[in-house]
Amino acid sequence: MSLLMMLLALLGAVAVLGLGSWVTGRLRRSGGAVDDGGAAAPAVEAAGAVPPAGGYTLLEEPGAPAVPLSAEDVERVRALLAQGRGNEAVGAVRDATGADEERAAHIVRRIRATGRP
């Protein structure tokens, strides 16, 4: 009897998952809204604004303004890159902008490739 109950529970779970998948597919095709449940909070608009505590913010959006680096900071980063001191260039960007290691490294790579942040 317990084997039969387990089999029925398994069939019920498969039916529920299949129905949910079918409904989600129909909503996506029809352009209806599907809640992802894990969407990030909107990015902070002002440069000096503090992000909400405990929330997520977008790291970078296409077309987002570059991190504000002064011309002196950019020249310092270029000089450090010309000397082969990439790690120090990342540190200089971190000190100037307050960005984390990954974001600062991205900025340094962009300066290396394009000459500007």
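Residues numbered from 1 in each chain as written. Predicted model: local features only at pLDDT ≥ 70, side-chain atom pairs only at ≥ 80, totals over all residues. Heavy atoms only, no water.

1. Some remarks on the overall build of the protein
Then step 1. Across its full length, the protein carries four helices and zero strands.
Then step 2. Each helix (α) and strand (β) of the protein, taken in turn from the N terminus, gives the series α-α-α-α.
Then step 3. Burial analysis of the protein (117 residues in total) assigns 17% to the buried set.
Then step 4. For the protein, long-range pairs separated by at least 24 residues make up 37% of all intrachain contacts whose partners lie at least 6 apart in sequence.
Then step 5. Carbon and sulfur atoms provide 59% of the accessible area of the protein, an area that totals close to 9,000 Å². (Helix = DSSP H or I, 4+ residues; strand = E, 2+ residues; numbered from the N terminus. Buried < 20%, exposed > 50% of the residue type's maximum accessible area, 1.4 Å probe, protein only. Contact = heavy atoms within 4.5 Å. Areas by Shrake-Rupley, 256 points an atom, 1.4 Å probe, with all protein chains shown as cover.)

2. Some remarks on a nonpolar patch on the surface
Then step 1. Judged by side-chain polarity, Met 1, Leu 4, Met 5, Leu 7, Leu 8, Leu 10, Leu 11 and Val 14 come together as a nonpolar surface patch covering roughly 870 Å² of accessible area.
Then step 2. Within the secondary structure, Leu 10 is located in helix 1 (residues 2-30).
Then step 3. The exposure class assigned to Leu 10 is exposed, which follows from its relative accessible area of 52%. (Patch = residues over 30% accessible without salt bridge, like charges linked within 9 Å, V, L, I, M, F, W, Y side chains within 5 Å. Salt bridge = Lys/Arg side-chain N within 4 Å of Asp/Glu carboxyl O.)

3. Comments concerning the packing of helix 2 (residues 71-82) against helix 3 (residues 86-97)
Then step 1. Across the interface, helix 2 lies against helix 3 with an axial gap of 8 Å and an inter-helix angle of 165°. One element, helix 2, and the other, helix 3, form an angle in the roughly antiparallel class. The handedness of the crossing between helix 2 and helix 3 is right-handed. Residue-level contacts link Asp 73, Arg 76, Val 77, Leu 80 and Leu 81 of helix 2 to Gly 86, Glu 88, Ala 89, Ala 92, Val 93 and Ala 96 of helix 3. (Axes fitted to C-alpha atoms, helices over the stretch in contact; angles between N-to-C directions. Parallel < 35°, antiparallel > 145°, perpendicular 65-115°, else oblique. Left-handed = near helix turned anticlockwise from the far one by under 90°.)

4. Some points on the pattern of salt bridges
Then step 1. Applying the stated criterion to the full structure yields three salt bridges.
Then step 2. For Arg 94, the salt bridge identified is with Glu 101, shortest N-O distance 2.7 Å.
Then step 3. For Arg 94, a relative accessible area of 37% gives the class partly exposed.

5. Side note on helix 2
Then step 1. Taking 1.5 Å per residue, twelve residues should reach 16 Å; helix 2 reaches 16 Å between its end C-alpha atoms and fits that length.
Then step 2. Taken residue by residue, helix 2 has Val 74, Val 77, Leu 80 and Leu 81 as its buried positions. Along the axis of helix 2, the buried residues cluster in a sector spanning 125°; they form a single face. What points out from helix 2, more than 90 degrees from its buried face, is the exposed set Ala 71, Glu 72 and Ala 82.
Then step 3. Close packing links the buried residues of helix 2 with helix 3 and helix 4 (101-114). (Expected span 1.5 Å × (residues − 1). Arc of directions from axis to C-beta.)

6. Describing the nonpolar core
Then step 1. Counting residues in hydrophobic clusters, the biggest one holds 14 residues, and the most contacted among them are Val 77, Leu 81, Ala 89, Val 93, Val 108 and Ile 111.
Then step 2. Looking at this core element by element, the count peaks at five residues for helix 4. (Core = buried A, V, L, I, M, F, W, Y, C linked by side-chain atoms within 4.5 Å.)

7. Structural notes on the packing of helix 3 against helix 4
Then step 1. One can describe the packing of helix 3 onto helix 4 by two numbers: an axis separation of 8 Å at closest approach and a directional angle of 115°. Where helix 3 crosses over helix 4, the two elements pack in a sense that is right-handed. In this structure, helix 3 contributes Gly 86, Ala 89, Val 90, Val 93 and Arg 94 to the contact, and helix 4 contributes Glu 101, Ala 104, Ala 105, Ile 107, Val 108 and Arg 112.

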